[in-house]
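Residue-level structural notes
The chain contents come next:
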Amino acid sequence: MLVDSFGRVATDLRVSLTDRCNLRCAYCMPPEGLDWLPKPDLLTGEEVVRLVRIGVERLGIREVRFTGGEPLLRRELVDIVTAAAALRPRPQVSLTSNGIGLARLAEPLAKAGLDRVNISLDTLDREVFARLAHRDRLHDVLDGLAAAAAAGLTPVKVNAVLMRGINEHDAVPLLRHCLDRGYELRFIEQMPLDAQHGWRRDDMVTADEILGLLKDSFDLTEDDPRERGSAPAELFLVDGGPGRVGVIGSVTRPFCGACDRVRITADGQVRNCLFATEESDLRTALRSGASDDDLAARWVAAVRGKKAGHGIDDSAFLQPARPMSAIGG
Ligand code: SAM
């Protein structure tokens with residue numbers, strides 16, 4: 001088991017398949033993009049599958065979420081999902097994606113064993129989308145969402161980040177759009193993980209503000225908190241339900257005490273937290289002939305050192321060197 005020194009058990013594995021992305025969301029990376037990881041540094045599809053297998057078969061991982069960067073850019077994605085879904089005990093297999101390309105891939109991914117998707121969508125306004133993501137691709141994201149639902153990748157969850165002065169006013173139309181189509185919308189507070197280091201606490205649209213914006217148009221009642229478990233979102237029934245909305249207050253309402261996540265970056269580093277400043281290298285061992293036992297032992301040791309919390313409120317907080325796109329959100 002992957003147990004840390006505070007007794008938390010990591011069962012939810014986030015695997016980044018690439019640091020590349022076809023959008024340039026302002027809260028994530030600059031318009032000109034970043035220096036991507038060199039290809040030889042990336043884990044191959046087989047290496048990814050081996051680590052996932054060790055996690056599932058030996059270390060108690062029950063959920064595997066592929067992310068990035070943009071995971072749909074990874075050519076072997078369908079094969080990787082097929083291999084993950086064939087593991088026993090069968091893990092839940094999901095994907096976090098911007099949805100571009102999902103119109104074509106949703107069906108093959110569902111057939112490969114993908115259970116569900118989280119799609120990022122911050123606005124329904126084409127101009128705002130193009131300004132925020134620096135690409136005119138809103139129609140592709142909406143097509144991807146519809147294809148995911150049609151392929152049965154449900155519940156389709158939608159992630160939205162609000163930026164002050166850019167898309168706060170999209171909160172209500174986004175929720176209406178999602179409720180009408182049976183998607184579960186979650187708002188995520190903007191975190192200090194952008195490559196440009198442009199995050200300012202005062203600019204962040206807080207969970208309280210998000211709830212305030214929604215309450216002007218909807219009646220929100222807290223869903224049974226016992227249902228929340230280790231999930232980061234606080235859930236609210238909308239207008240009495242059954243539709244729900246979630247708010248992930250990563251900064252103002254941290255949930256580190258219940259965290260059950262562990263991450264592997266696209267270049268094979270174990271990270272215990274989005275905000276970790278330390279990583280444990282599995283790739284070097286993997287490529288030097290380490291056995292499954294050895295890799296499992298290194299992974300166990302890496303998780304043991306997980307910190308109590310993300311520390312954003314500590315005066316000594318330092319933003320991690322890697323941006324979100326290179327960690328795997
Ligand atoms: N490309 C995929 C996508 O768009 O969902 C997966 C990777 S992306 C890094 C994963 C999630 O992180 C997205 O929902 C995105 O909105 C969110 N994200 C990126 N930067 C963020 C930040 N600074 N604060 C909060 N969420 C962020």
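- Going by the annotation in an unreviewed UniProt entry, the name recorded for the protein chain is GTP 3',8-cyclase, with Microbispora amethystogenes given as the source organism.
- Under Function (unreviewed entry), UniProt gives the following word-for-word description of the protein chain: "Catalyzes the cyclization of GTP to (8S)-3',8-cyclo-7,8-dihydroguanosine 5'-triphosphate."
- Checking UniProt for the protein chain, the heading Sequence similarities (unreviewed entry) contains the comment "Belongs to the radical SAM superfamily. MoaA family."

**Things to note about the site of the ligand**
- The environment of the ligand is made up of 17 residues, and the closest members are Tyr27, Gly69, Glu70, Ser120 and Met191.
- Separating a nitrogen atom of the ligand from a backbone N or O atom of tyrosine 27 is a distance of 3.0 Å.
- Contacts to the ligand include glycine 69, whose backbone N or O atom sits 2.9 Å from a nitrogen atom.
- Coverage of the ligand by the protein chains reaches 95% of its 540 Å² of free accessible surface.
- Of all the elements in the fold, those that place two or more residues in the shell around the ligand are β3 (92–97) and β5 (157–161).

**Overview of the UniProt feature "binding site: S-adenosyl-L-methionine" (unreviewed entry) in the protein chain**
- The positions UniProt marks with the feature "binding site: S-adenosyl-L-methionine" (unreviewed entry) are Tyr27, Gly69, Ser120 and Met191.
- Mapped onto the elements of the fold, tyrosine 27 is located in the loop between β1 (12–16) and α1 (45–59).
- According to the relative accessible area criterion, tyrosine 27 is buried, its value standing at 15%.
- Once residues within four sequence positions are removed from consideration, tyrosine 27 is found in contact with Asp122, Leu132, Val161, Met163, Gln190 and Asp194.
- Tracing the chain through its elements places glycine 69 in the loop between β2 (63–67) and α2 (77–85).
- In this structure, glycine 69 is in contact with Thr18, Asp19, Arg20, Cys21 and Ser325, ignoring residues within four places of it in sequence.

Thresholds, definitions, all that
- Residues numbered from 1 in each chain as written.
- Predicted model: local features only at pLDDT ≥ 70, side-chain atom pairs only at ≥ 80, totals over all residues.
- Heavy atoms only, no water.
- UniProt positions renumbered as here; feature names shortened; annotations may be inferred.
- Near = heavy atom within 4 Å.
- Polar contact = N/O pair within 3.5 Å; in protein donor to acceptor, adjacent residues only side chain to side chain.
- Areas by Shrake-Rupley, 256 points an atom, 1.4 Å probe, with all protein chains shown as cover.
- Helix = DSSP H or I, 4+ residues; strand = E, 2+ residues; numbered from the N terminus.
- Buried < 20%, exposed > 50% of the residue type's maximum accessible area, 1.4 Å probe, protein only.
- Contact = heavy atoms within 4.5 Å.

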